[in-house]
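# Structural overview for review
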Amino acid sequence: MAQRCYVVGNWKMHGMRADLSEARAIDRASLRLPKVEVAIAPPATLIATLRETVTQIGVGAQNCHRSEKGAHTGDISAPMLREAGADFVIVGHSERRADHGETNDDVKAKAEAAQAVDLGVILCVGESEEQRDSGEAEEIVARQLADCLPASAQRLSVAYEPIWAIGTGRVPSVQDVGTMHKWLRAVLMDRYGDEGKEIRILYGGSVKGDNAAELLSVPEVGGALVGGASLTADGFVPIIAAAS
Ligand code: PEP
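Here the structure is a predicted model, which means the values were calculated and not measured. (Residues numbered from 1 in each chain as written. Predicted model: local features only at pLDDT ≥ 70, side-chain atom pairs only at ≥ 80, totals over all residues.)

## Some remarks on the environment of G193
Within the element layout of this structure, G193 appears in the loop between α8 (174-192) and β7 (200-204). With 10 C-beta atoms counted inside 10 Å, the residue G193 sits in the exposed group. (Helix = DSSP H or I, 4+ residues; strand = E, 2+ residues; numbered from the N terminus. Buried ≥ 20, exposed ≤ 12 C-beta atoms within 10 Å, placed from the backbone.)

## Let's talk about the UniProt feature "active site" (unreviewed entry) in the protein
In the numbering used here, UniProt assigns the "active site" (unreviewed entry) feature to H93 and E161. Across 69 residues of sequence, these annotated residues stay compact in space, with a maximum C-alpha separation of 8.4 Å. Classification of H93 by C-beta neighbours within 10 Å gives buried; the count is 28. Not counting residues within four places of it along the chain, the set of residues in contact with H93 comprises Q62 and C124. Among the secondary structure elements, E161 is positioned in the loop between β6 (156-160) and α8. The exposure class assigned to E161 is buried, which follows from the 26 C-beta atoms found within 10 Å. The contact partners of E161, leaving out residues within four places of it in the chain, are S94, C124, G126, I166, G204, G205 and L225. (UniProt positions renumbered as here; feature names shortened; annotations may be inferred. Contact = placed C-beta atoms within 7 Å.)

Here you go:
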């Protein structure tokens, strides 16, 4: 059976309880758009409350620790996220790689820690502007993905997010998105065989209501990871509708 398009909002470090009214409106709109699988990853402080607030959409986390428990002040483990009500976790976002020095090895370990407690994983990869300009973006991102992949394909999705497109209003051409997604599909099939065909590869980076339909029509694009535009129903629902 063909999988539904997966549209995920990454709220980053935005969102107080008052903002849950936006999530409720997104949840209500999703009921009318059942062809799309919708989810929001709020800050960790809102996971449990969001879980109790919504009925249609998935709830996720933006990071987890690689260990199950231990002396890691300020960190949150995958089992804790699961208990709080998360269905999935985003790992390897470029902001975490930049702000916290996360390596490909960390990303792989985090993905495996999440899978161990049956959380879905959205594994992010993407090139810098310099790497894009070098003409070797596909080779670089394919290698990055190969280095981050967990041993199992269980509940795994991948998000291709060019760093230079995140929060900038700039997006790659549909040709470039298509070429990159083909490369990433090849890496997934090389690693997981036929199972690699089923893994959804999302595009992320300045997706908005007015460019979503075009980006989502690219072969091998199985959904979108959306930052800024996912914070309000007015921004997010048109993207979900475009995916429908
Ligand atoms: C993101 O950070 O995952 C993202 C895609 O952000 P934005 O949509 O704001 O570019």
